Amino acid sequence: MTPALRPLLPVLFSCVLLPAAAQFQVLPTLDNVWIPMRDGDSLQADVYIPAGVDSAQVILVQTPYNKDLYSLGLPMGVGWNVDDQPYIWVFVDWRGFYGSSNADPNGSTHGEDGYDVCAWIAQQPWHRDRIGTWGPSALGNVQWLTAAEHHPAHTCAVPLVSDAQQAYTSYYTGGVLEEARLGSLVLLGFLSSLIITTNPYYNGIWQAVEAGTWFPPNVAIPTLQIGGWYDHHADRMIDIYAATRTEADPAVQNEQWLLMGPWVHGGTGPASVGTLQQGELTYPTAQRMNDSLAWRFFNYYLLDSANGWDTSPRVTYFEMGGNDQWHTTNDMDFAATGTTPLFLDAGGALNSTGGAGQTGLTCDPADPSPTIGGATLNLDLDQGPYDQTPLEARTDVVTFRTGALTAPLANTGRIVADLYVSADQPDCDIAVRLADEYPDGRNMLITDGIRRMRFRTGYTQADEQFMTPGIVYNVQVDLPFTCYTWLPGHRLKIYVSGNNAIRYHVNQQNGGPMYLPGDTNVAVITVHHDATYPSTITLAGSNAPLGLAAHDTGELRVFPSPVSDILHAEGVHGPWTIVDADGRTVLQGQRSTSAIDVRSLTSGPYLLRSITAHGRPVSARFIRR
């Protein structure tokens, strides 16, 4: 990694590594110690020993982000109070980074280095007999690598927001490159983008890499795996955890724990695992739960503390929305049983009974719909739950929502948007964002997914199939595992668009080679949602039907959208107005109607406003083609 890039690392990842309350500097007991590696190189380390302690158990942190940052405060809430906790902390710079920059990056693997560091620690007079490891993201990945080497002193591990496997889906979501995150990894010196972008299909190279970086069978120590619902690793962490319960050494299969909270990955803003603020929301009941459980875990395995950790539930997970509460289970698969399908319907409705009509949008790669929060990892993007309302002014985004809920609507597990789509171009992307529409008008993001239409049946080159104009195709957009409950008075809402930029690569929509310069085509995309093409979004978990279709419950429905000449409206029971994106009234009528001539309107988004039969104000959005 070039020295010019290294100053950017603390900017990008200091929030992950440092306690929020750090105000002072704490000096290492042993500063810039050299640890010999098997290839003849050495890695540099700092050691923090509590005052008056001759020997103690060790917590090891291996980092590519500069060990010197820990002089501003130790993790897990220790801060500068090193003397008020029982462990010796060892921080080591990875080979090729910071204090270890002179060590040959290709001289040994990170796992072998982890083993050699453990061997060195075991020889020190201040070490007793056990080593625990801790760290988020890359610091979590290296724990899996170290565990696979099986040093006898390596007793337990706490990887946070970590997915050590290098898989196709780690970089390509639904066949679409997560471009912003890849750019961050390249900036950090972890890999070359060319390696990823020259292998956009799932192939033998990916198969070999995935097999070589699948670590659950190599786990022979207890782990506490900590993830966040707004982390890009969340979905894969669920799978990795389940695998450790069945593929790890049989002696420790029942000593694998998982904690999933309402947290972001961290590193690009003030939020990180365990902080109060996450995006535009706060979660007081989840604050520092990660540290609390990590302390109990380490104390049990490193200090023989009789704290009952061994009888604690194996899985602890947070229910967002709802009552913002924790749940526990011993089941490795904790997805809710049953499913709840919601049908896309005309007028932007979602209901339990079925749909009618179709909804169109126009997607221009030169002006893609923007990423607003979510499971991002890039300095130019916000992380976590953010209000998606600004998307509604765009002509390349359409929305579907339930009526105001009269009972809670719950999901625990993976969500699937099963859509029927046609387009006038050979390729396009279908991006789906899931939100909670609050009674105050906010639309807070919960999770999102994307699928490239050429990869609608699979990700190999043999699976690639382009679209023919006028033909309707079925496509599934997978949304990651999450736990969320929509409260009464709220609405479940989805945003459907042709892209989600800059998080994901923008499809050129011309059917040509991907990730190469070239011309772009504007695509008219139609989402079909009638009896022949029943587009749905399906939640994990059994919920009661939402009731009657929107037009039978006092809702306003308009279709088609986009519309060329006559807009059909259901639920108009009195005077109505149409306002443009600037809030100006452009059309109005004085009586109930079901057909409105909109040929006088210019192209763009509009809002039809009226009242129900009971006098309640209602509105519905549409687009004039």
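All figures in this text were calculated on a predicted structure; none of them were measured in a lab.

Cut-offs applied
Residues numbered from 1 in each chain as written. Predicted model: local features only at pLDDT ≥ 70, side-chain atom pairs only at ≥ 80, totals over all residues. Heavy atoms only, no water. Phe/Tyr/Trp six-rings, centres within 6.5 Å; stacked < 30°, edge-to-face > 60°. Helix = DSSP H or I, 4+ residues; strand = E, 2+ residues; numbered from the N terminus. Buried < 20%, exposed > 50% of the residue type's maximum accessible area, 1.4 Å probe, protein only. Lys NZ or Arg CZ within 6 Å of the ring centre and 35° of its normal. Pairing = 2+ DSSP bridges. Axes fitted to C-alpha atoms, helices over the stretch in contact; angles between N-to-C directions.

Trainee: Give me the packing of aromatic side chains: which residues, what numbers.
Mentor: Per the counting criterion, the structure on display carries 35 aromatic pairs. Centre to centre, the rings of tyrosine 606 and phenylalanine 622 are 5.8 Å apart; their planes meet at 20°, and the pair counts as stacked. You can see tyrosine 606 sitting in strand β31 (residues 604-611) and its partner phenylalanine 622 sitting in strand β32 (residues 617-624), a full 16 residues away along the chain. An identical accessibility class is assigned to tyrosine 606 and phenylalanine 622; each is buried. Site record: aromatic cluster; members linked through ring pairs are Tyr168, Tyr171, Tyr172, Tyr201, Tyr202, Trp206, Phe455, Tyr459 and Tyr515. The side chain of arginine 181 reaches across the aromatic face of tyrosine 171, ending 5.6 Å from its centre.

Trainee: Could you give an account of unusual backbone geometry, with specific residues and numbers?
Mentor: Here the residue pair alanine 501 and isoleucine 502 is connected by a cis peptide bond, since its omega of 20° sits within 30 degrees of zero. Positionally, isoleucine 502 belongs in the loop between β23 (491-497) and β24 (523-528). Here tyrosine 98, not a glycine, exhibits a phi torsion of approximately 50°, which is positive. Structurally, tyrosine 98 is set in the loop between β4 (88-93) and α2 (110-122). Among the residues examined, tyrosine 98 registers a relative accessible area of 16% and is labelled buried.

Trainee: Residues and numbers for the sheet that holds strand β28 (residues 576-580), please.
Mentor: What the four strands build is an open sheet, ordered β29-β28-β31-β32; its pairing is antiparallel. Lying at the two open borders of the sheet, with one neighbouring strand each, are β29 (585-589) and β32. Between one strand and the next, the sheet's axes are offset by a mean angle of 20°, whatever the strand orientation. When β31 meets β32, the two strands line up antiparallel, connected through eight bridges. Residue arginine 609 lies in a different strand from β32, and its bridge partner there is serine 619.

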